[in-house]
Amino acid sequence: MEAIRVSGLDGSAIAVHLNGATVTEWKNQRSDNAFFVSERSEWQEGRPIRGGIPLAFPQFAGDGPLPNHGLARTLPWTVAEQATGYIQLCLQESAASRELWPYAFDATYSVTFNASSFSSVLEITNPHARAAGSAMQFQALQHTYYQLDAVTTLQLSGLEGRTFLDKLTGKSPKQAPMTPLTIQAETDAIFVPSQNPRPVLLQLEGAPVIWNPWIAKSAAMADFGDEEYQHMVCIEPGCVSQPVTLEPGATFRLEQHITLLVC
Ligand SMILES: O=P(O)(O)OC[C@H]1O[C@H](O)[C@H](O)[C@@H](O)[C@@H]1O
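On a predicted model such as this, the values are computed, not experimentally measured, just so you know.

Draft legend 1. The arrangement of the nonpolar core in detail. Counting 66 residues, the largest nonpolar core has Trp-77, Phe-118, Ile-124 and Phe-138 as its most contacted members. Apart from residues lying up to four places away in sequence, Phe-138 is in contact with Phe-57, Pro-58, Trp-101, Ile-124, Pro-243, Val-244, Leu-246 and Phe-252. Ala-56, Phe-60, Ile-190 and Val-209 belong to the second-largest nonpolar core, a separate cluster that totals 8 residues.

Draft legend 2. Representation of the sheet that holds strand β1 (residues 3–7) in the model. One open sheet accounts for 3 strands, arranged β1-β2-β3; its pairing is antiparallel. With partners counted over all chains shown, the strands left at the sheet margins are β1 and β3 (22–27), one partner each. Ignoring strand direction, the axes of neighbouring strands in this sheet form an average angle of 20°. Two elements, β1 and strand β2 (residues 13–17), share 5 bridges in a ladder whose sense is antiparallel. Looking at the pairing, Ile-4 lines up with Val-16 of β2.

Draft legend 3. View of unusual backbone geometry. Residue Pro-58 follows Phe-57 across a cis peptide bond; omega there is -5°. Even without being glycine, Ala-61 reaches a positive phi, approximately 45°. Among the structural elements, Ala-61 can be located in the loop between β4 (55–56) and β5 (78–83). One non-glycine residue with positive phi stands out, namely Trp-214, at about 55°. Considering the arrangement of structural elements, one finds Trp-214 in helix α2 (residues 214–220).

Draft legend 4. Geometry of the side chain of Arg-73. Mapped onto the elements, Arg-73 comes out in the loop between β4 and β5. Salt bridges are absent for the buried Arg-73, whose nearest opposite-charge side chain, Asp-223, sits at 7.2 Å. Within the structure, Arg-73 has its side chain in polar contact with the backbone oxygen of Asn-68 (distance 3.2 Å). Excluding residues within four positions of it along the chain, Arg-73 makes contact with Asn-19, Gly-20, Thr-22, Arg-47, Pro-48, Pro-54, Leu-55 and Asn-68.

Draft legend 5. Structural detail: the site of the ligand. Around the ligand, the neighbouring residues are Arg-50, Phe-60, Asn-68, His-69, Arg-73, His-143, Lys-167, Asp-188, Val-209, Trp-211 and Glu-236. Between the ligand and Asn-68, the relevant distance is 2.7 Å, taken from an oxygen atom to a side-chain nitrogen or oxygen of the residue. At a separation of 2.8 Å, an oxygen atom of the ligand approaches a polar side-chain atom of His-143. Contact with the protein chains removes 87% of the 390 Å² of surface that the ligand exposes when unbound. In this structure the site holding the ligand corresponds to the second largest pocket. Classifying every residue of the shell around the ligand by side-chain character gives 3 nonpolar, 3 polar and 5 charged.

Draft legend 6. Quick look at the pattern of salt bridges. Applying the stated criterion across every chain, the model contains 9 salt bridges. We note a salt bridge from Glu-42 to Arg-47, for which the minimum N-O separation is 2.9 Å. Glu-42 gets classed as partly exposed once you look at its relative accessible area, which sits at 29%. By relative accessible area, which is 38% here, Arg-47 ends up partly exposed.

Draft legend 7. Region of the structure containing the UniProt feature "active site" (unreviewed entry) in the chain. The UniProt record annotates "active site" (unreviewed entry) at His-143 and Glu-236. Considering the C-alpha atoms alone, the annotated residues occupy 94 residues of sequence yet fold into one spot, their largest mutual distance being 4.6 Å. As for the second largest pocket, its lining draws on His-143 and Glu-236 from among the annotated residues. We classify His-143 as buried; its relative accessible area is 7%. With near-sequence residues (within four places) excluded, His-143 lies in contact with Gly-52, Ile-53, Pro-54, His-69, Trp-211, Cys-234 and Glu-236. Of note, Glu-236 is situated in strand β16 (residues 232–236). The class for Glu-236 is buried, based on a relative accessible area of 1%.

Basis of the calculations
- Residues numbered from 1 in each chain as written.
- Predicted model: local features only at pLDDT ≥ 70, side-chain atom pairs only at ≥ 80, totals over all residues.
- Heavy atoms only, no water.
- Core = buried A, V, L, I, M, F, W, Y, C linked by side-chain atoms within 4.5 Å.
- Buried < 20%, exposed > 50% of the residue type's maximum accessible area, 1.4 Å probe, protein only.
- Contact = heavy atoms within 4.5 Å.
- Pairing = 2+ DSSP bridges.
- Helix = DSSP H or I, 4+ residues; strand = E, 2+ residues; numbered from the N terminus.
- Axes fitted to C-alpha atoms, helices over the stretch in contact; angles between N-to-C directions.
- Lys, Arg positive; Asp, Glu negative; His and termini not counted.
- Salt bridge = Lys/Arg side-chain N within 4 Å of Asp/Glu carboxyl O.
- Polar contact = N/O pair within 3.5 Å; in protein donor to acceptor, adjacent residues only side chain to side chain.
- Near = heavy atom within 4 Å.
- Areas by Shrake-Rupley, 256 points an atom, 1.4 Å probe, with all protein chains shown as cover.
- 1 Å grid on protein atoms, 1.4 Å probe; cavity = no way out; pocket = protein on both sides within 12 Å on 5 of 7 lines; lining within 4 Å.
- Sits in = over half its atoms within 2 Å of the grid points.
- Nonpolar A, V, L, I, M, F, W, Y, C, P; charged D, E, K, R; others polar.
- UniProt positions renumbered as here; feature names shortened; annotations may be inferred.

And the structure:
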């Protein structure tokens with residue numbers, strides 16, 4: 001599977017796969033890889049990579065008729081630009097995408113990084129001329145897997161008191177505790193947008209999904225090690241509970257900015 005390695009300043013580097021524009025590695029001043037990638041990931045063209053930052057578009061998870069998380073994470077993207085600490089990839093509609101989703105779209109994914117910060121921006125344009133086209137609706141999300149020493153010691157601040165839809169109980173609305181979020185069991189929480197969002201540990205755009213498969217689901221996944229849930233968490237900025245409606249000619253932007261606070 002084709003991976004591109006991009007070097008940045010101060011010894012930093014990323015690896016990104018054309019399959020899904022999936023970033024699988026960010027080497028920074030703290031670690032060889034900030035992102036979790038499963039030892040059991042499949043690494044097959046046309047299959048999702050289990051780790052790094054798969055992109056969900058135009059559908060989140062099983063929310064519609066498309067394959068889980070849509071089509072962007074399994075199609076081949078192309079490199080549009082590359083420089084020190086920067087890469088931009090793009091994807092347009094194709095026969096393969098039209099088979100699954102009958103809309104025209106222009107997607108770009110731009111990653112800018114150095115040894116202490118990492119930004120990734122997904123942009124989706126509805127390419128129809130304003131007069132001619134129609135609006136399109138979709139969900140989009142950056143499914144970021146973080147590598148952790150121990151998930152049970154994670155404290156995630158910024159989501160105190162916010163409402164989330166709990167996928168483990170049929171998307172029932174619940175309220176996050178007023179203390180930092182911790183993960184001590186299976187977690188699959190879709191946060192809903194709030195009026196006054198605060199940064200979530202990292203600076204995230206949109207309302208994140210927080211996921212850890214824990215014991216039983218890990219054992220059931222063929223491309224995930226039984227014990228790996230202990231060393232990862234997914235914090236996924238995106239627009240899920242409120243899908244995006246994009247008018248002809250308009251561009252939607254989903255940003256993720258990660259800053260190392262301790263070096
Ligand atoms: O197994 P995947 O298709 O990669 O999905 C992995 C996970 O993604 C999201 O976080 C969803 O909320 C989960 O319900 C899903 O299990």
